[in-house]
Amino acid sequence: PSGFVGKGCCFGGVDEWQIGAEGILVPKTTSGSFIELAPSLLEEVIPYADKRRIPPLESVIEIKDDNKNIIQKDTGVYQKYVICILQQSNALYRQVNITVNDTEVEVQLKKVYNNSSWEEGGRDYIVGSGIAEGLMWKENRPGLKIDGHETCEIDYCALHPRIAAELSGTRLEKDFDPYHINIEGYSAIGLRTICKLSLIVCLNAGYSQLAKPGSKGSAENAIKAVRHELYRNGMLQGMIDNKDVPNNILYRDIIQKLAERNPYLMEWMLNPKGLFLQNLDSQMMDIILDRFNRI
């Protein structure tokens, strides 16, 4: 309608994506069929049944410096596109009842970038009572419902190692498991849990909470970070009690065996490149959210 001219944001829809020269997802083919209205117009265009009590987020993206302080930085075209996606997602969440194990929760999304760069980090985080109710805990996800309808979870297996392999020019077989090694004294599930956490930490060792500036890439810091995560959430004691892992876990041996199984990761492990992989991961999330919003 002519009364809306100048008030909305128009974006060409992206039909197909590709990884550009710098490893960033960029549009390959686009169309002009998708028009995204500014958030202020959503109430005028869409029947708006606001079922949430918490106010809408004023800012849906944050960027932090090396010390994790929130800073201000000019947004580019892609960041404006992401802002529209998250604002629309949050507006849609406000129109439905979201429950986890029959407890109603309030959900909004925000995206956080790191190291003063739009190309590092960018993960989406939940804001609202969904955090306290453990909305995304593995054991609670089967109980997640939207307006009473059951939901399902689709998982990308070993996503970050597979992205790193692709960028390193290594093709992994479909059934290849980067976390599969054999060590006596561990159950299969216990060892895989330790391996998965260890490999993820090694891919992010450069910015781990326990890897301070000046000691990036340190195996000792990676081991400390793995121990910290296992103790922090009580996972380790539970695995010891179940005899899934021994009392004395040889983390260095596990990391060494993981490196031997995944030689394509040598340039990525114990090297602060994990935030770049996380950024590609987040761009995939943007595409999925965009498509789901349209549906």
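To start, this report covers the structure provided alongside it.

Basis of the calculations
- Residues numbered from 1 in each chain as written.
- Predicted model: local features only at pLDDT ≥ 70, side-chain atom pairs only at ≥ 80, totals over all residues.
- Heavy atoms only, no water.
- Helix = DSSP H or I, 4+ residues; strand = E, 2+ residues; numbered from the N terminus.
- Buried < 20%, exposed > 50% of the residue type's maximum accessible area, 1.4 Å probe, protein only.
- Lys, Arg positive; Asp, Glu negative; His and termini not counted.
- Salt bridge = Lys/Arg side-chain N within 4 Å of Asp/Glu carboxyl O.
- Polar contact = N/O pair within 3.5 Å; in protein donor to acceptor, adjacent residues only side chain to side chain.
- Contact = heavy atoms within 4.5 Å.
- Axes fitted to C-alpha atoms, helices over the stretch in contact; angles between N-to-C directions.
- Parallel < 35°, antiparallel > 145°, perpendicular 65-115°, else oblique.
- Left-handed = near helix turned anticlockwise from the far one by under 90°.
- Nonpolar A, V, L, I, M, F, W, Y, C, P; charged D, E, K, R; others polar.

With respect to the secondary-structure elements, D244 resides in the loop between α7 (235–241) and α8 (251–261). In this structure, D244 is buried with no salt-bridge partner, the nearest side chain bearing the opposite charge being K243 at 10 Å. Engagement of the side chain of D244 in a polar contact is seen with the side chain of S187, the distance being 2.8 Å. If sequence neighbours within four positions are ignored, D244 has contacts with G185, Y186, S187, I189, G190 and M239.

Remark: helix α6 (residues 219–232) packs on α8, axes separated minimally by 10 Å, with the N-to-C direction vectors making an angle of 110°. Here α6 is positioned roughly perpendicular relative to α8, judged by the angle of their axes. The element α6 and its partner α8 pack so that their crossing is right-handed. Listed contacts from α8 to A219, E220, I223, V226, R227 and L230 of α6 are Y251, R252 and I255. Split by residue class, the contact of α6 with α8 holds six nonpolar, no polar and three charged.

All right, on to the pattern of salt bridges then. Between side chains of opposite charge, pairing is possible as soon as their charged atoms come close. Taken as a whole and assessed by the stated rule, the structure comprises six salt bridges. In this structure, K111 engages D286 in a salt bridge whose closest nitrogen and oxygen atoms are separated by 2.9 Å. Taken together, the residues span a long stretch of sequence, with K111 in strand β9 (residues 108–113) and D286 in helix α9 (residues 274–294) at a distance of 175 residues. K111 gets classed as buried once you look at its relative accessible area, which sits at 0%. Exposure remark for D286: the relative accessible area of 2% places this residue in the buried category. The partner of D177 in a salt bridge is R192, and the shortest N-O contact between them spans 3.0 Å. With D177 in the loop between α4 (159–167) and α5 (188–203) and R192 in helix α5, this residue pair connects regions lying 15 residues apart in the sequence. Note on D177: relative accessible area 17%, which makes it buried. Assessed through its relative accessible area of 31%, R192 is described here as partly exposed. In this structure, a network of salt bridges that share partners links the residues K111, D124 and D286.

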